[in-house]
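# Architecture at a glance
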Amino acid sequence: MPYLALLFNAFVWGLSWWPLRHLQAQGLHPLWATLLFFALGGTVIALTRPQAWATVCRTPALWVLALASGATNAAFNWGVSSGEVVRVVLLFYLMPLWAVGLAWWLLGERITGLALVRVGLALGGALLVLRPVEGGWPAFQGLADWLGLLGGMGFALTNVVLRRQAAQPTSARALAMFLGGITLPALMGTVLAVQGVIPPWPPLQLTWLWQALALGSLFLIGNMALQFGASRLPVHITSVVMLTEVMFAAGSAVWLGGEVLRPTVLAGGALILLAALMASRDKA
């Protein structure tokens, strides 16, 4: 059951780009959709674990967790909704690269030779993923690539802060993460909508509302499945199973989105995943 729970979470996130694009086509921008998803989960936690509010309010580190979590989900959802899914997901999974520096800075962990090897593999993979089809120097193709990179940075910071705040109640950490997923997309969406960068909140329609609530429920169940599986399996096993998200995303992007997996992207993805696997073995 723990393995199936983790696979379910990876499946939900790996295919999330597809319903997100359907919602976007109906006028609900990914930032607004992210706000709705986390509002649903945040309401559940706030009502069932009201004592978590006090812990979040008096713990500044959990505010950092909220910011990191909000940036992670807003950037990832926006990125996979607007760009090439495989590129965005692979750039997101550069998180072992950022985790090395963050763990050294915030946790005082020593940078080992293997950590530097992981950094080199991840950087090499990123250069291959970013290499243009026509050849030449690696380059970001647009906003979606940057969002994938930013989402991975946020996820690395989220993991490091979670480790540093492991003594805090699970409900408080979860509430902080959901609050970040509500407030950051709300603030970003409001500012960008006023500037005309993204469309404003659309008129309420049952056609997109029930789809958004259904997807939000899947995200909530997926999060609960992750908590269930991760609490019953070693960290390195959890990390490896979570990497199946890349397989689900790549397969669905080819099948449903018509994307083509170029050899350079496959090679770069292999290096990035190898770096992630090495990072998971360090936690064994």
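Residues numbered from 1 in each chain as written. Predicted model: local features only at pLDDT ≥ 70, side-chain atom pairs only at ≥ 80, totals over all residues. Heavy atoms only, no water.

Of the regular secondary structure elements, the protein holds 14 helices and zero strands. When its helices and strands are written in sequence order, the protein yields α-α-α-α-α-α-α-α-α-α-α-α-α-α. For a compact globule of 284 residues, the expected C-alpha radius of gyration is about 19 Å, and the protein comes in at 18 Å, within 12% of that figure. Taken along the three principal axes of its C-alpha coordinates, the protein extends 45 × 40 × 40 Å. Expressed as a percentage of the 284 residues in the protein, the buried residues total 50%. (Helix = DSSP H or I, 4+ residues; strand = E, 2+ residues; numbered from the N terminus. Rg over C-alpha atoms; globule rule 2.2 N^0.38 Å. Buried < 20%, exposed > 50% of the residue type's maximum accessible area, 1.4 Å probe, protein only.)

Ranked by internal contacts, the top residues of the largest apolar core, which has 77 residues, are Leu23, Leu28, Phe37, Val89 and Tyr93. Ranked by residues supplied to this core, first place goes to helix α3 (residues 30-48) with eight residues. (Core = buried A, V, L, I, M, F, W, Y, C linked by side-chain atoms within 4.5 Å.)

On to the packing of helix α6 (residues 85-92) against helix α13 (residues 244-257), then. In the contact formed by α6 and α13, the axes pass within 9 Å of each other and the chain directions differ by 165°. By the criterion of interaxial angle, the relationship of α6 to α13 is roughly antiparallel. Taken as a pair, α6 and α13 cross one another with a handedness that is left-handed. The segment α6 lies against α13, with Val85, Val86, Val89 and Leu90 engaging Val246, Ala249, Ala250 and Ala253. Split into classes, the residues belonging to the contact of α6 with α13 amount to eight nonpolar, no polar and no charged. (Axes fitted to C-alpha atoms, helices over the stretch in contact; angles between N-to-C directions. Parallel < 35°, antiparallel > 145°, perpendicular 65-115°, else oblique. Left-handed = near helix turned anticlockwise from the far one by under 90°. Contact = heavy atoms within 4.5 Å. Nonpolar A, V, L, I, M, F, W, Y, C, P; charged D, E, K, R; others polar.)

On to a nonpolar patch on the surface, then. A cluster of nonpolar side chains, namely Met1, Leu4, Leu7 and Phe228, defines an oily patch on the protein surface of about 400 Å² accessible area. Structurally, Leu4 can be placed in helix α1 (residues 2-14). (Patch = residues over 30% accessible without salt bridge, like charges linked within 9 Å, V, L, I, M, F, W, Y side chains within 5 Å. Areas by Shrake-Rupley, 256 points an atom, 1.4 Å probe, with all protein chains shown as cover. Salt bridge = Lys/Arg side-chain N within 4 Å of Asp/Glu carboxyl O.)

Here the focus is the side chain of Glu259. Among the structural elements, Glu259 can be located in the loop between α13 and α14 (263-282). In this structure the side chain of Glu259 is engaged in a polar contact, spanning 2.7 Å, whose partner is the backbone nitrogen of Val85. Dropping the residues within four chain positions of it, Glu259 is found in contact with Arg21, Gly83, Glu84, Val85, Val86, Ala253 and Val254. (Polar contact = N/O pair within 3.5 Å; in protein donor to acceptor, adjacent residues only side chain to side chain.)

This brings us to the pattern of salt bridges. Using the criterion set out here, one finds one salt bridge in the structure. Across the salt bridge formed by Asp145 and Arg87, the nearest N and O atoms sit 2.4 Å from each other. Note that Asp145 is positioned in helix α9 (residues 143-164) and Arg87 in helix α6, a separation of 58 residues in sequence. Overall, Arg87 belongs to the buried group, its relative accessible area being 0%.

This part takes up the packing of α6 against α9. With their axes 7 Å apart at the nearest point, α6 and α9 run at an angle of 30° to one another. When the axis of α6 is compared with that of α9, the two are roughly parallel. Viewed along their axes, α6 and α9 form a crossing whose handedness is right-handed. Across the interface between the two elements, Arg87, Val88, Leu91 and Phe92 of α6 pack against Ala144, Asp145, Gly148, Leu149, Gly151, Gly152 and Phe155 of α9.

So, about the confidence of the model for the protein. One rule of thumb: low pLDDT means the predicted coordinates there are not for detailed reading. Confidence in the prediction for the protein averages 85 pLDDT; 93% of positions are at 70 or higher. By mean pLDDT, helix α12 (residues 235-242) is the weakest element of the protein at 67, and helix α2 (residues 17-25) is the strongest at 93. (pLDDT = per-residue confidence, 0-100.)

Using the criterion set out here, one finds 10 aromatic pairs in the structure. Measuring from centroid to centroid gives 6.2 Å for Trp201 and Trp208, while their planes differ by 80°, and the two rings are edge-to-face. For Trp208, a relative accessible area of 1% gives the class buried. One aromatic cluster is present, formed by Trp13, Phe37, Phe76, Phe92, Tyr93, Phe155 and Phe219 through successive ring pairs. (Phe/Tyr/Trp six-rings, centres within 6.5 Å; stacked < 30°, edge-to-face > 60°.)

With that settled, the discussion passes to the side chain of Asn73. Locating Asn73 in the fold gives a position in helix α5 (residues 60-82). A polar contact of 2.8 Å, which involves the side chain of Asn73, links it to the backbone oxygen of Ser69. Excluding its chain neighbours within four sequence positions, the residues that come into contact with Asn73 are Trp13, Thr34 and Phe38.

The subject of this paragraph is the environment of Gln26. With respect to the secondary-structure elements, Gln26 resides in the loop between α2 and α3. Considering only alpha carbons, one finds Gln26 and Pro202, 176 residues apart in sequence, at a separation of 8.7 Å. Within the local environment of Gln26, its side chain forms a polar contact with the backbone oxygen of His22, the two atoms lying 3.3 Å apart.

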